[in-house]
Amino acid sequence: MKTNVASFHRYFPISGRDKKWGLYVTTAGESRVAPHTIYPLGGHPKGFAFDWQHGRILEGFALIYVSSGGGKFESKPNVSLSIKAGHAFLLFPKVWHRYAPDTETGWHEHWIGFDGEIARKWLRHRFISPKSPVIKINAEDTVLATFSRMMQSIRANRPAVQQILAGATNNLMGLFYSAQQAQPAADMQNANAIELAIARIQNEFERDLNMKLVAQELGVGYSWFRHTFAVHTGLSPHQYLLELRLVRARSLLVETQLSVKEIAMQTGFGDEFYFSRLFRQKLNLTPSQWRNRQRK
């Protein structure tokens, strides 16, 4: 078995400032593991090193992205999956796991270890779960570019490198979550319907849009449409429409001399009193109070 691999990694001390930031990085690196190479690699400190026979349990999280090659990943209680190029997998605190490249192919792995209250919230609110640790990334160029910028920042020892890496980690996890929410390839036509619906609402938010008719015109059932739209955006179609109208209304309140009634009409609310009531519910201020505050 070979032992020569291209590898770079760094482990970080964590300061009080880093913990207060809410998201901090414990380790980052990459390894290009050639076929027939001994794995796991050496040179990692206690708590991060592992072997296939015994596996490992981490105190924090880690995201591993495989840009070429393939391998296998296992974690408790009963996850056992093949890893292919373009796959990313998450490691969770206190969850036993192990992984390795295929002997015949090797792989190119990129990783970031992280922890903090922000990451713990992702877990508590089930944005991520040990039950679904592996995903095919949809934006591979963006992921690779992000890892590349991270490595550059680490090698350059930039000031506040932890905060730079925390931002990159948040971006990577956003891409992971986005890929997790995407529809399977077999449902791509319906997924495109959601993208078309979002574009239509953005372009026609001031009109009287009936979401059931929008779904019908796109050729999908309304129950599926409403559920899938919420998965993609975090809002129901109607809530998304209202939020767009409120964003536009806030701009008009500051940038124009239009009356509240005129703004309600121009942003699709129709009813001045409904607009004012909803505005106050969302912002704890009437439209006039909000306008006066922004102009001070």
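Everything discussed here concerns the structure shown above.
What counts, and where the lines are drawn
The written sequence of each chain sets the order in which its residues are numbered from 1. Where totals are concerned, whole chains, interfaces and linings use all residues; where local detail is concerned, this predicted model gives features only for residues with pLDDT of at least 70, and gives and counts side-chain atom pairs only at 80 or more. Excluded from the side-chain calculations are hydrogens and water; all other atoms, namely the structure's heavy atoms, are used. The helix and strand labels rest on DSSP assignments: H or I over at least four residues marks a helix, E over at least two residues marks a strand, and numbering proceeds from the N terminus. Here a residue-residue contact requires only that any non-hydrogen atoms of the pair lie within 4.5 Å. In protein, a polar contact requires one atom able to donate a hydrogen and another able to accept it; more generally it is a pair of N or O atoms within 3.5 Å, and residues adjacent in sequence count only if both atoms are side-chain atoms. Every angle, taken between N-to-C directions, lies between 0 and 180 degrees, and every axis is a line fitted to C-alpha atoms, over only the stretch in contact when it is a helix. We call two directions roughly parallel when the angle between them is under 35 degrees, roughly antiparallel when it is over 145, roughly perpendicular when it lies between 65 and 115, and oblique otherwise. Put simply, Ala, Val, Leu, Ile, Met, Phe, Trp, Tyr, Cys and Pro go in the nonpolar bin, Asp, Glu, Lys and Arg in the charged bin, and everything else, Gly too, in the polar bin. A cavity here means a set of 1 Å grid points, computed over protein atoms only, where a 1.4 Å probe fits but cannot escape. A pocket is an open set with protein on both sides within 12 Å along at least 5 of 7 lines, and lining residues have an atom within 4 Å of a point. Grid points are joined across faces, edges and corners, and a volume is the space filled by probe spheres set on the points. Take a side-chain nitrogen of Lys or Arg and a carboxyl oxygen of Asp or Glu: if they are within 4 Å of each other, that pair is a salt bridge. Here the term buried applies to any residue with accessible area under 20% of the maximum for its type, exposed to any over 50%, and partly exposed to those in between, with areas from a 1.4 Å probe on protein chains only. This arc describes the spread of directions from the helix axis toward the C-beta atoms. Only buried residues count toward a nonpolar core. Its members are Ala, Val, Leu, Ile, Met, Phe, Trp, Tyr and Cys residues joined through side-chain atoms within 4.5 Å.

### Some words on the environment of Ser7
Reasoning step 1: Residue position: Ser7 is located in strand β1 (residues 6–11).
Reasoning step 2: Counting along the chain gives 238 residues from Ser7 to Arg245, while the straight-line C-alpha distance between them is 51 Å.
Reasoning step 3: Once you skip the residues sitting within four places of it in the chain, Ser7 turns out to touch Glu30, Ser31 and Leu41.
Reasoning step 4: Only 3.0 Å separates the side chain of Ser7 from the side chain of Ser31, close enough to count as a polar contact.

### Comments concerning the packing of helix α8 (residues 237–255) against helix α10 (residues 272–283)
Between two packed helices, what matters for the description is the angle formed by their axes and the separation of those axes.
Reasoning step 1: As a packed pair, α8 and α10 sit with axes 11 Å apart at the nearest point and diverge in direction by 95°. It follows that α8 is roughly perpendicular to α10 by the angle criterion. Between α8 and α10, the contacting residues are His238, Leu242, Glu243, Leu246, Ala249, Arg250 and Leu253 on the first element and Tyr274, Phe275, Leu278, Phe279, Lys282 and Leu283 on the second.
Reasoning step 2: Here the residues of the contact of α8 with α10 are counted per class, giving nine nonpolar, one polar and three charged.

### Describing empty space enclosed by the protein
Reasoning step 1: In the structure shown here, the tally under the stated rule is two cavities of 30 Å³ or more.
Reasoning step 2: In terms of lining, the largest cavity is formed by Phe73, Ser75, Lys76, Leu90, Leu91, Phe92, Val95, His97, Pro130 and Pro133.
Reasoning step 3: For the lining of the largest cavity, the secondary structure elements donating two or more residues are β3 (61–75) and β5 (87–91).
Reasoning step 4: Each residue belonging to the lining of the largest cavity can be placed in one class, and the counts come to seven nonpolar, two polar and one charged.
Reasoning step 5: There is about 40 Å³ of room inside the second largest cavity.
Reasoning step 6: At the level of elements, β3 and α4 (161–181) are the ones that each hand at least two residues to the lining of the second largest cavity.
Reasoning step 7: Its residues assigned to classes, the lining of the second largest cavity shows seven nonpolar, no polar and no charged.

### Here we look at the pattern of salt bridges
Reasoning step 1: With the rule as written, the count across this model stands at nine salt bridges.
Reasoning step 2: Its salt-bridge partner being Arg98, residue Glu74 comes within 2.9 Å of it at the nearest N-O pair. Of the two residues, Glu74 is situated in strand β3 and Arg98 in strand β6 (residues 97–101); the sequence distance between them amounts to 24 residues.
Reasoning step 3: Take Arg98: its relative accessible area is 17%, and that puts it in the buried class.
Reasoning step 4: A salt bridge links Arg200 to Glu217; its shortest N-O distance comes to 2.5 Å. On the criterion of sequence distance, the pair formed by Arg200 in helix α5 (residues 188–203) and Glu217 in helix α6 (residues 211–218) is long-range, its members being 17 residues apart.

### As for the layout of surface pockets
Space left empty within the atom packing is revealed by a probe, the size of a water molecule, rolled over the atoms.
Reasoning step 1: A volume near 260 Å³ is recorded for the largest pocket.
Reasoning step 2: Considering the residues around the largest pocket, the lining is formed by 21 residues, among which His44, Phe48, Phe50, Arg56 and Tyr99 are closest to the centre.
Reasoning step 3: Contributions of two or more residues to the lining of the largest pocket are made by β2 (24–33), β3 and β7 (107–115).
Reasoning step 4: Looking at the lining of the largest pocket residue by residue, the class counts come to 14 nonpolar, five polar and two charged.

### Quick look at the environment of Val161
Reasoning step 1: On the secondary structure map, Val161 appears in helix α4.
Reasoning step 2: Among the residues examined, Val161 registers a relative accessible area of 17% and is labelled buried.
Reasoning step 3: Separated by 115 residues in the primary sequence, Val161 and Ser276 have C-alpha atoms spaced 45 Å apart.
Reasoning step 4: With residues up to four places along the chain from it excluded, the contact list for Val161 reads Ser153 and Ile154.

### Focus: helix α11 (residues 287–294)
Reasoning step 1: Those residues of α11 not exposed but buried are Pro287, Trp290 and Arg291. On an axial view of α11, the arc spanned by its buried residues comes to 100°, and they lie on one face.
Reasoning step 2: In the core, the buried residues of α11 are packed alongside α8, α9 (260–266) and α10.

### Some words on the nonpolar core
Reasoning step 1: The biggest cluster of nonpolar side chains holds 33 residues, and the ones touching the most others in it are Leu63, Leu90, Ile112, Phe114, Ile137 and Met150.
Reasoning step 2: Counting only elements with at least two residues in this core, the list comes to β2, β3, β5, β7, α2 (117–124), α3 (140–156) and α4.
Reasoning step 3: The element best represented in this core is α4, accounting for nine residues.
Reasoning step 4: The residues contacting Leu90, other than those within four sequence positions of it, are Ala62, Leu63, Phe73, Phe114, Ile128, Pro133, Met173 and Phe176.
Reasoning step 5: Core analysis: the next-biggest nonpolar cluster, separate from the first, contains 18 residues, Val33, Tyr39, Val66 and Leu91 among them.

### Structural notes on unusual backbone geometry
Both trends apply: most residues other than glycine have a negative phi, and most peptide bonds are in trans.
Reasoning step 1: For the bond running from Tyr39 to Pro40, omega is 5°, close enough to zero to count as cis.
Reasoning step 2: Along the chain, the position of Pro40 falls in the loop between β2 and β3.
Reasoning step 3: A positive phi angle is found at Lys94, which is not glycine, with a value near 65°.
Reasoning step 4: Within the secondary structure, Lys94 sits in the loop between β5 and β6.
Reasoning step 5: A relative accessible area of 57% places Lys94 in the exposed class.

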